Amino acid sequence: MLSRKGIIPEDYLLTRLAENVQKPVFRAKQRKARFVRKNGACNVAHTNIREQGRFLQDVFTTLVDLKWLHTLIIFTMCYLCSWLLFGMVWWLTAFAHGDLDQRGDDFVPCVTDIHSFSSAFLFSIEVQVTIGFGGRMVTEECVSAIIILIVQNILGLIINAIMLGCIFMKTAQANRRAETLIFSKHAVISVRNNRLCFMIRIGDLRKSMIISATVRMQVCRRTTTDEGEVVPLDQIDIHMDNPVGTNGVFLVSPLIICHVIDKASPLYEMSPIDLQQDDLEVIVVLEGVVETTGITTQARTSYLSEEILWGQRFVPTVSEEDGTYAVDYSKFGNTVTVPTPFCSAKKVDDTGGIIQFKLKEGAPTRATVRKRRATTRRTRMDTS
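Note that this is a predicted model, so its numbers are computed, not measured.

> So what's going on with the side chain of Asp-204? Which residues, and what values?
Within the secondary structure, Asp-204 is located in strand 4 (residues 195-204). Here the side chain of Asp-204 touches Arg-206 through a polar contact of 3.2 Å, landing on its backbone nitrogen. Ignoring anything within four residues of it in the chain, the contact list for Asp-204 reads Arg-177, Thr-180, Leu-181, Ile-210, Leu-251 and Tyr-329.

> How would you explain the state of the cysteines if you had to name every residue and give the values?
Structurally, a disulfide amounts to a covalent bond that connects the sulfur atoms of two cysteines. Per the counting criterion, the structure on display carries 1 disulfide. The disulfide partner of Cys-110 is Cys-142, and the gap between their sulfur atoms is 1.6 Å. Between Cys-110 and Cys-142, the disulfide has an S-S torsion of -50° and is therefore left-handed. Of this pair, Cys-110 sits in the loop between helix 4 (68-97) and helix 5 (117-128) while Cys-142 sits in the loop between helix 5 and helix 6 (143-171), placing them 32 residues apart in sequence. Each member of the pair, Cys-110 as well as Cys-142, is classed as buried. Distance from the sulfur of Cys-81, which forms no disulfide, to the nearest cysteine sulfur (Cys-78) is 7.3 Å. With a relative accessible area of 40%, Cys-81 lands in the partly exposed category.

> Got a sec to walk through the packing of aromatic side chains? Specific residues and values, please.
Scanning the entire structure with this criterion turns up 5 aromatic pairs. Geometrically, the ring pair formed by Trp-90 and Phe-123 is edge-to-face, given 5.0 Å between the ring centres and 80° between the ring planes. With Trp-90 in helix 4 and Phe-123 in helix 5, the pair connects residues that are 33 residues apart, well separated along the chain. Pairing Trp-91 with Phe-95 gives two aromatic rings, centres 5.7 Å apart and planes at 15°, and the pair type is stacked. Here Trp-91 and its partner Phe-95 are both found in helix 4, 4 residues apart, which amounts to about one turn of the helix. Classification of Phe-95 by relative accessible area gives exposed; the value is 54%.

> Mind laying out the pairing of strand 3 (residues 187-192), listing which residues take part and the relevant values?
As judged from the 3 bridges shared by strand 3 and strand 11 (residues 308-310), these two strands associate in the parallel manner. From the neighbouring strand, Ile-189 faces strand 11, where its bridge partner is Trp-310.

> Can you lay out the environment of Glu-306 for me, pointing to particular residues and giving the numbers?
By the element assignment, Glu-306 lies in the loop between strand 10 (296-304) and strand 11. Here Glu-306 falls in the buried class, since its relative accessible area comes to 8%.

> Requested: an account of the pairing of strand 6 (residues 230-238), with residues and values cited.
Bridge count for strand 5 (residues 210-224) against strand 6 is 7 bridges, and the pairing is antiparallel. Bridging from a neighbouring strand, Val-219 pairs with Ile-236 of strand 6. Turn length for the strand 5-strand 6 hairpin, with the two strands adjacent in sequence and antiparallel, is 5 residues, and the turn residue Gly-228 shows positive phi of about 90°.

> Tell me about the environment of Leu-280, and name the residues and values.
Within the secondary structure, Leu-280 sits in strand 9 (residues 280-290). Considered as a pair, Leu-280 and Arg-222 are 58 residues apart in the sequence and their alpha carbons are 8.1 Å apart. In this view, Leu-280 contacts Val-219, Cys-220, Arg-221, Leu-267, Met-270, Leu-275, Tyr-303, Leu-304 and Ser-305; residues no more than four positions away in its chain are not counted.

> Let's hear about the packing of helix 4 against helix 6: which residues, and what values?
Axis separation between helix 4 and helix 6 bottoms out at 11 Å; the angle between their running directions is 175°. Put simply, helix 4 runs roughly antiparallel to helix 6. Across the contact of helix 4 with helix 6, the residue classes tally to 19 nonpolar, 7 polar and 1 charged.

> Please give an account of unusual backbone geometry that cites residues and values.
Its identity as a non-glycine residue notwithstanding, Asn-193 has a phi of 55°, on the positive side. Here Asn-193 is to be found in the loop between strand 3 and strand 4. Classification of Asn-193 as exposed rests on a relative accessible area of 68%. Even without a glycine there, the phi angle at Asn-194 is positive, about 60°.

> How would you explain helix 5 if you had to name every residue and give the values?
Over its 12 residues, helix 5 runs 17 Å from end to end, which matches the ideal 16 Å to within 8%, given 1.5 Å per residue. Taken as a whole, helix 5 has its buried residues at Ser-119, Ala-120, Phe-121, Phe-123, Ser-124, Ile-125, Glu-126, Val-127 and Gln-128. Contacts made by the buried residues of helix 5 are with helix 4 and helix 6. Downstream of helix 5 by one or two residues, Thr-130 has phi in the positive range, about 50°.

> An account of the pattern of salt bridges is needed here, citing residue identities and associated values.
Evaluated as defined, the whole model comprises 4 salt bridges. Among the salt bridges present, the one from Arg-34 reaches Glu-307, with a minimum N-O distance of 2.3 Å. Of this pair, Arg-34 sits in the loop between strand 1 (12-14) and helix 2 (53-56) while Glu-307 sits in the loop between strand 10 and strand 11, placing them 273 residues apart in sequence. For the pair Arg-34 and Glu-307, one class covers both residues: buried.

> An account of helix 6 is needed here, citing residue identities and associated values.
With 29 residues, helix 6 extends 42 Å from end C-alpha to end C-alpha; this agrees with the ideal 42 Å at 1.5 Å per step. If you check which residues of helix 6 are buried, you get Ala-145, Ile-148, Gln-152, Gly-156, Ile-159, Met-163, Cys-166 and Lys-170.

> Provide a residue-level description of the nonpolar core, including the pertinent values.
Grouped together as the largest cluster of nonpolar side chains are 37 residues, with contacts concentrated most on Phe-198 and Ile-200. Elements with a contribution of two residues or more to this core: strand 2 (181-184), strand 3, strand 4, strand 5, strand 9, strand 10, strand 11 and helix 9 (345-351). Those residues in contact with Ile-200 that sit more than four places away from it in its chain are Ser-184, Ala-187, Met-217, Leu-255, Ile-256, Ile-257, Val-284, Tyr-303 and Phe-314. With 12 residues, the next largest nonpolar core counts Ala-94, Val-111, Ala-120 and Val-127 among its residues.

Rules behind the numbers
Residues numbered from 1 in each chain as written. Predicted model: local features only at pLDDT ≥ 70, side-chain atom pairs only at ≥ 80, totals over all residues. Heavy atoms only, no water. Helix = DSSP H or I, 4+ residues; strand = E, 2+ residues; numbered from the N terminus. Polar contact = N/O pair within 3.5 Å; in protein donor to acceptor, adjacent residues only side chain to side chain. Contact = heavy atoms within 4.5 Å. Disulfide = S-S within 2.5 Å. Buried < 20%, exposed > 50% of the residue type's maximum accessible area, 1.4 Å probe, protein only. Phe/Tyr/Trp six-rings, centres within 6.5 Å; stacked < 30°, edge-to-face > 60°. Pairing = 2+ DSSP bridges. Axes fitted to C-alpha atoms, helices over the stretch in contact; angles between N-to-C directions. Parallel < 35°, antiparallel > 145°, perpendicular 65-115°, else oblique. Nonpolar A, V, L, I, M, F, W, Y, C, P; charged D, E, K, R; others polar. Expected span 1.5 Å × (residues − 1). Salt bridge = Lys/Arg side-chain N within 4 Å of Asp/Glu carboxyl O. Core = buried A, V, L, I, M, F, W, Y, C linked by side-chain atoms within 4.5 Å.

Next comes the structure, spelled out in structure tokens:
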């Protein structure tokens, strides 16, 4: 199997890879810790939980959430302890009936060929895993042996259902599918359709689709209410520019998710300098149903202020070749510089929009050019 490093370009980031954050350009103060890491893991530590018994009320989910080592240890111990327990029960049954003593040919034991605890333990394994080598079997002599046989079979089926179901759920967890859902390493802010927009790029490396895929974005920041209450992690939803009117996407090829920075946006009053100096984190959540398994999966990432590039836009990755649309993932995270107002969207709107802003910004430039041309002409005339 090819290594992941060899087949995945370094220009974009998988949701489960270690984060590789570019060093910030502006660093006026110490940054706060990430709420969601680049690989999608939530940077939250739960402490001082006094009601630990609540985890035992949902044993199956607790087993699935455990590490693989702990799960395998519990898996082994469940079977081994049940075999030892019923091995002891079978040995006590044989001891009480006198099967361990040497009797004549006319003596009928509860279980044939049990002479010690070792043979009782082997018979317990044969009963629970339904091997049945044929040397040992239950007779009609003891009703208690028949009841023990029924109880062990039922308990063995319960253990099989829980343990095998737990192993299956751990191997088919939805976060494994999220490994191939990718996000661009950086977000960009530039002009799109004469509006300042916040944009990221998402993609799926597999051919099997994510059904009913939706994308949600939130701004996580420290805020203070009008009453003076400090909210350390205030999560504010930001809407995306989707003509359908929903957050649903058709994720067949890489898509650029766009958020228009308008009056309802938390980025409305932020200039590039304000953005770099603010403890801002944009969280992106991609969620959908896996086509092959029907399990809901979710991939997450986040962008800090220094990971948001102002005045950049993503380069195209899709091209048509021989009647087929080809996706070049080597360009997935590539950006180019485009003319963008170096101010907040609020200031642009106060000026009259992008078009009026360009006209006002371009007037001094043309006047300066005319002054330079006039000065050059006077210099030439004086020289001549």
